[in-house]
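Structural overview for review
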Amino acid sequence: MKATAKAHTNIALIKYWGKRDESLILPMNNSLSLTLDVFYTTTTVTFREELFQDEFLLNEQVIRGEQYNRVAAFLDFIRRETQATSLHAEVRSTNHVPTAAGFASSASGFAALAAATTRALDLSISDQELSRLTRLGSGSACRSIFGGFVEWHKGTEKDGSDSYAVQVQPAEDWDVRVAAVVLSETTKKISSREGMKRTVDTSVFYPGWLKSIPRDLEQIKDGINQRDFEKVGSISEANCLRMHATTLGANPPFTYWHDATLRVMQGVQAMRERGISVFFTIDAGPNVKVLYLPEDETIVQEMLRQIPGVHDVIVSRSGQGVTYL
Ligand code: ADP
Ligand code: DP6
Ligand code: CO
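Residues numbered from 1 in each chain as written. Chains lettered and ligands numbered in written order. Predicted model: local features only at pLDDT ≥ 70, side-chain atom pairs only at ≥ 80, totals over all residues. Heavy atoms only, no water.

Focus on the site of ligand 1
- Close contacts around ligand 1 come from 21 residues, with Gln-67, Ser-93, Asn-95, Ser-105 and Lys-188 the closest.
- Within the contact set of ligand 1, a nitrogen atom lies 2.9 Å away from a side-chain nitrogen or oxygen of Asn-95.
- Between an oxygen atom of ligand 1 and a main-chain N or O atom of Ser-106, the distance comes to 3.0 Å.
- Look at ligand 1: alone it shows 580 Å² of surface, and the protein chains cover 93% of it.
- Every element with two or more residues in the shell around ligand 1 is listed here: β5 (55-58), α1 (66-82), β7 (88-96) and α2 (105-120).
- Take the shell around ligand 1: its biggest share by element is 4 residues, from α2.
- Here the residues of the shell around ligand 1 sort into 8 nonpolar, 11 polar and 2 charged.
- Residue assignment places the shell around ligand 1 across two domains, with domain 1 (2-171) and domain 2 (177-316) each supplying three or more. (Near = heavy atom within 4 Å. Polar contact = N/O pair within 3.5 Å; in protein donor to acceptor, adjacent residues only side chain to side chain. Areas by Shrake-Rupley, 256 points an atom, 1.4 Å probe, with all protein chains shown as cover. Helix = DSSP H or I, 4+ residues; strand = E, 2+ residues; numbered from the N terminus. Nonpolar A, V, L, I, M, F, W, Y, C, P; charged D, E, K, R; others polar. Domains from an automatic or database assignment.)

A closer look at the domain arrangement of the protein chain
- Domains assigned within the protein chain are domain 1 (2-171) and domain 2 (177-316).
- Just the C-alpha atoms count here: the centres of domain 1 and domain 2 sit 23 Å apart.
- Every contact between the two is made by 34 residues of domain 1 and, on the other side, 46 residues of domain 2.
- With both sides pooled, the region where domain 1 packs onto domain 2 buries about 3200 Å², and carbon together with sulfur makes up 68% of that total. (Contact = heavy atoms within 4.5 Å. Buried area = accessible area lost by both parts, 1.4 Å probe.)

Remarks on the site of ligand 2
- The environment of ligand 2 is formed by 18 residues, the closest being Tyr-16, Lys-19, Ser-138, Gly-139 and Ser-140.
- Contact distances for ligand 2 include 2.7 Å between an oxygen atom and a backbone N or O atom of Gly-139.
- When the free accessible area of ligand 2 is taken as 460 Å², the share hidden by the protein chains comes to 96%.
- With 3 residues, the single largest contributor to the shell around ligand 2 is helix α4 (residues 192-202).

Digging into the environment of Val-300
- Secondary-structure assignment places Val-300 in helix α8 (residues 297-305).
- Taking C-alpha positions, Val-300 is 34 Å from Leu-113, a pair spaced 187 residues apart along the chain.
- Among residues more than four places away in sequence, those in contact with Val-300 are Met-271, Ile-276, Val-278, Val-290 and Tyr-292.

A word on the packing of helix α7 (residues 259-273) against α8
- Look at α7 against α8: their axes get within 10 Å of each other, and the N-to-C directions meet at 140 degrees. With respect to α8, the element α7 is oriented oblique. Crossing of α7 over α8 shows right-handed handedness. Contact with α7, carried on its side by Val-264, Val-268 and Met-271, involves Val-300, Met-303 and Leu-304 of α8 and no other residues of that element.
- Looking at side-chain class alone, the contact of α7 with α8 contains 6 nonpolar, no polar and no charged residues. (Axes fitted to C-alpha atoms, helices over the stretch in contact; angles between N-to-C directions. Parallel < 35°, antiparallel > 145°, perpendicular 65-115°, else oblique. Left-handed = near helix turned anticlockwise from the far one by under 90°.)

A short note on the sheet that holds strand β11 (residues 279-281)
- A sheet is described by the order of its strands in space; here 4 strands give the open sequence β11-β12-β10-β13, paired in antiparallel fashion. Edge positions in the sheet fall to β11 and β13 (312-316), since each has one partner strand and no second. Direction aside, the axes of adjacent strands within the sheet are offset by 25 degrees on average.
- Across the sheet, α7 is in contact with β10 (177-182), β11 and β12 (288-292); its angle to β11 comes to roughly 155 degrees. (Pairing = 2+ DSSP bridges.)

Dropping the structure here:
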């Protein structure tokens, strides 16, 4: 009744932005990500007779409130869906990634939680099934079950049975690097969940966003197949800008960007003008992720560190899917 799992975060190149069903976490559009090897979560789940309710410790701290409720609701869902136990669980998790700061802690966090929970209950399920269950914790987490390039199929069924992620290309097949440019590690004011809901409900730009997705997806998958870095990078950057544009059209309008976010974006464009092949993408937060190839690692790191407001640059390779410890 006890298991430990490790899961990495992922960075979306084609963003998941908007739900068609909020309780089942069904997305409006397919998304595509790269799993990262530097940022991860390890979670141990222990089901115990003597517990009257679930317990959640994150980074050795007892968690209450909204973060606790999300974990307890996820465990309730697993208990209900699998009928495997009625016992409560102790969840101990460590984030090797800043929490709720736009580094996708919800992705590694819920992927590790889902994997440890199902293993503790001795359920023999496929990775596809695990991805579908993980989706109920946090949408982006369903992609972190797999390594490398991963696509989340939005599915068409009302019950979400065909909404899960699949691997597009394993991590070892193409060495694309990502530099996480740390500007702020503080908690964002508007969570991803809240931000995408406001956008779907009110943004005049949202229909345009949705319309642009099929072409982006088709082209980026061609780019991945052909190892065409320029293609993959430029589509990712354009997709990111279009997602962030939707927040400006919301009511009330908002943005996840800080002043330093824009400086990094301009720094990346300046590097490109000097002939270096680099592209940026940004999730729901101010921090920027920069895509580049191994031969440019030194120059890219050096140039990013010179930009005012940059606290740190953390480089990552493409990471593996969920593992059990
Ligand atoms: P992020 O950019 O970090 O993914 P989100 O707003 O999407 O930001 O999600 C952050 C939330 O994810 C946290 O407030 C918490 O509820 C949940 N979370 C983060 N890490 C974990 C973890 N290790 N275990 C369970 N839940 C987690
Ligand atoms: C901008 O998966 O964090 O990072 O499903 O409500 O938990 P919930 O949201 P979450 O949203 C991620 C949004 C994004 C884009 C992406 O990762 O695809
Ligand atoms: Co998240």
